[in-house]
Amino acid sequence: MTKPPPLIFESSHDGGSLPALQMLVSDIFFWEILFQISQFAIKVASTKYSKVIVNAKNVNSDEAMATLCEQGPSYVVSFVHSMYVTARGM
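Attention now moves to the overall build of the chain. A count of helices and strands for the chain gives three helices and zero strands. In sequence order, the secondary structure elements of the chain are arranged as α-α-α. For the chain, the proportion of its 90 residues judged to be buried stands at 13%. Partitioning the intrachain contacts of the chain with sequence separation of at least 6 by distance along the chain shows that 46% fall at a separation of at least 24. Summed over its atoms, the accessible surface of the chain is roughly 7,700 Å², and 64% of this surface lies on carbon and sulfur atoms.

An α-helical segment advances 3.6 residues per turn. Residues three or four places apart therefore align on the same side. If you check helix 3 (residues 61-89), its first and last C-alpha atoms are 39 Å apart, about what 29 residues at 1.5 Å a residue would give, namely 42 Å. Roughly 40° is the biggest bend found in helix 3, and it falls at glutamine 71, with proline proline 73 one to four residues downstream. For helix 3, the secondary structure elements touched by its buried residues are helix 1 (17-48) and helix 2 (50-53).

It is worth spelling out the packing of helix 1 against helix 3 at this point. Each pair of packed helices can be summarised by the angle the axes make with each other and by the distance between the axes. With their axes 9 Å apart at the nearest point, helix 1 and helix 3 run at an angle of 140° to one another. As the angle between them shows, helix 1 and helix 3 are arranged oblique. The handedness of the crossing between helix 1 and helix 3 comes out as right-handed. Contact residues: Trp31, Leu34, Phe35, Ser38, Gln39, Ile42, Lys43 and Ser46 in helix 1; Met65, Leu68, Cys69, Gly72, Pro73, Ser74, Val76, Val77, Val80 and His81 in helix 3.

Let us now look at the side chain of serine 46. Mapped onto the elements, serine 46 comes out in helix 1. Within the structure, the side chain of serine 46 is placed 2.9 Å from the backbone oxygen of lysine 43, a separation counted as a polar contact. Every residue in contact with serine 46, bar those within four places of it in the chain, is listed here: Ile53, Met65 and Cys69.

The next subject is the side chain of serine 38. Along the chain, serine 38 turns up in helix 1. We classify serine 38 as buried; its relative accessible area is 8%.

With that settled, consider a nonpolar patch on the surface. Side chains of Leu21, Leu24 and Ile28 sit close together on the surface and give an oily, nonpolar patch of about 260 Å² of accessible area. Relative to the elements of secondary structure, isoleucine 28 occurs in helix 1.

The next thing to look at is helix 1. The first and last C-alpha atoms of helix 1 sit 47 Å apart over 32 residues, in line with the 46 Å expected at 1.5 Å per residue. By the burial criterion, the buried members of helix 1 are Ala20, Leu34, Ser38, Ile42 and Ser46. Against helix 2 and helix 3 lie the buried residues of helix 1.

Criteria and thresholds
Residues numbered from 1 in each chain as written. Predicted model: local features only at pLDDT ≥ 70, side-chain atom pairs only at ≥ 80, totals over all residues. Heavy atoms only, no water. Helix = DSSP H or I, 4+ residues; strand = E, 2+ residues; numbered from the N terminus. Buried < 20%, exposed > 50% of the residue type's maximum accessible area, 1.4 Å probe, protein only. Contact = heavy atoms within 4.5 Å. Areas by Shrake-Rupley, 256 points an atom, 1.4 Å probe, with all protein chains shown as cover. Expected span 1.5 Å × (residues − 1). Bend = angle between axes of the 7 residues up to and from the residue. Axes fitted to C-alpha atoms, helices over the stretch in contact; angles between N-to-C directions. Parallel < 35°, antiparallel > 145°, perpendicular 65-115°, else oblique. Left-handed = near helix turned anticlockwise from the far one by under 90°. Polar contact = N/O pair within 3.5 Å; in protein donor to acceptor, adjacent residues only side chain to side chain. Patch = residues over 30% accessible without salt bridge, like charges linked within 9 Å, V, L, I, M, F, W, Y side chains within 5 Å. Salt bridge = Lys/Arg side-chain N within 4 Å of Asp/Glu carboxyl O.

Now the structure itself:
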């Protein structure tokens, strides 16, 4: 008779599922904090340096700045994640 497969987090850490869930929750909190910090930094930079950040002809700068403030933090978090994954893979 074969043993049934382990639960999703059962064999991923030495202590069982509790340390794995704690690590998952701490990673989610870290990612959210990183997102909020990058959103704040982009908003501050966009108010101080709006002419430098969006300086294209035939572009509605208000619309471009709104798009940057809305989507920029997600790109920052994705960049940090890709750098982390690359460093772990090397």
